[in-house]
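This is what each chain is made of:
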Amino acid sequence: GGVPTSIRTGEVADTVRRLLRNEGYRGAQVRVEVVPYHDPHRATIVVHAEAGRRTTVTHASVRGQSPLQGDAVLARLQATPGSPFRERALTAGLATLRDELRGQRYYTAIAQFQPTFSADEAEVSLVLTIEAGSLVELRVNGDESVSVGPGAALIFTVALRGSQQSGNTSIGNETTPW
């Protein structure tokens, strides 16, 4: 009999703390309690969470070269001054922007951010970097209607528009979505 011993209260607390942190509650306090039932093989896990103050964006800027407008990017990602800092949503939004740029033939596009927190982590200043990279035109035997998707195994010549450079590149079983 007794309280179930396989409950990892530390892992439960860490998971809840991480979820709250990703939503902007960087100082969340979490405590987990195991409350046994009268049946000795059952228990209830009670999570006590004090979210605390939510981190707020005080400054945000976009740098880099891309066809996207900085103000529109900040609004779309809800990263404008006064907004709550939601790291998970920001990371997912930047991944979507990067994938959209890659869908427009900017295959080397990157989208990332660098936060700078105040000492008490109540405020954050964000620098978003959106680099579209070169617009790439793919041709195979002169055919411009090449579609490249996940898992593609294709050898092609890359001609960078606006550049004199051209080189042979091989792609095989790429894990990065285009």
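Since this is a predicted model, take the numbers as computed values, not measurements.

Draft legend 1. Region of interest: helix α1 (residues 9-22). Taking 1.5 Å per residue, 14 residues should reach 20 Å; α1 reaches 20 Å between its end C-alpha atoms and fits that length. Just past α1, the residue Gly24 takes up positive phi, approximately 105°.

Draft legend 2. Region of the structure containing the pairing of strand β5 (residues 123-131). Summarising the sheet, strand β3 (residues 56-63) and β5 pair through 7 bridges and their orientation is parallel. Within β5, the residue paired with Ser61 across the bridge is Val127. Bridge count for strand β4 (residues 110-117) against β5 is 8 bridges, and the pairing is antiparallel. By the bridge assignment for β5, Phe117 is matched with Val124.

Draft legend 3. Inspection of helix α3 (residues 87-103) at higher detail. Taking 1.5 Å per residue, 17 residues should reach 24 Å; α3 reaches 24 Å between its end C-alpha atoms and fits that length. Taken residue by residue, α3 has Leu90, Gly93, Leu94, Leu97, Leu101 and Arg102 as its buried positions. Contact partners of the buried residues in α3: α2 (70-76), β4 and β5. Immediately beyond the C-terminal end of α3, within one or two residues, lies Arg105, with a positive phi of roughly 80°.

Draft legend 4. Structural context of the nonpolar core. The biggest cluster of nonpolar side chains holds 20 residues, and the ones touching the most others in it are Leu77, Leu90, Leu94, Leu126 and Leu128. Elements with a minimum of two residues in this core: β3, α2, α3, β4 and β5. The residues contacting Leu94, other than those within four sequence positions of it, are Leu77, Ala111, Gln112, Phe113, Leu128 and Ile130.

Draft legend 5. Broad picture of the sheet that holds β4. Reading across from one edge, β3-β5-β4 is the order of the 3 strands in this open sheet, with mixed pairing throughout. Each edge of the open sheet carries a strand with a single partner, namely β3 and β4. Between one strand and the next, the sheet's axes are offset by a mean angle of 20°, whatever the strand orientation. In this fold α3 packs onto β4 and β5, with an angle of close to 155° to the strand it touches most, β4.

Draft legend 6. Summary view of the pattern of salt bridges. A full pass over the atoms with the stated rule returns 9 salt bridges. Between Arg26 and Glu87 there is a salt bridge whose closest N-O contact spans 3.7 Å. One end of the pair, Arg26, is in the loop between α1 and β1 (29-36); the other, Glu87, is in helix α3, with 61 residues separating them in the sequence. By relative accessible area, which is 24% here, Glu87 ends up partly exposed. Across the pair Glu121 and Arg26 runs a salt bridge, and its minimum N-O distance is 3.5 Å. Here the residue Glu121 occupies a position in the loop between β4 and β5, and Arg26 occupies one in the loop between α1 and β1, the gap between them amounting to 95 residues. Connected through shared salt-bridge partners, Glu23, Arg54, Arg86 and Arg88 make up one network.

Calculation criteria
- Residues numbered from 1 in each chain as written.
- Predicted model: local features only at pLDDT ≥ 70, side-chain atom pairs only at ≥ 80, totals over all residues.
- Heavy atoms only, no water.
- Helix = DSSP H or I, 4+ residues; strand = E, 2+ residues; numbered from the N terminus.
- Expected span 1.5 Å × (residues − 1).
- Pairing = 2+ DSSP bridges.
- Buried < 20%, exposed > 50% of the residue type's maximum accessible area, 1.4 Å probe, protein only.
- Contact = heavy atoms within 4.5 Å.
- Core = buried A, V, L, I, M, F, W, Y, C linked by side-chain atoms within 4.5 Å.
- Axes fitted to C-alpha atoms, helices over the stretch in contact; angles between N-to-C directions.
- Salt bridge = Lys/Arg side-chain N within 4 Å of Asp/Glu carboxyl O.

On their own, these measurements won't tell you what the molecule is for.
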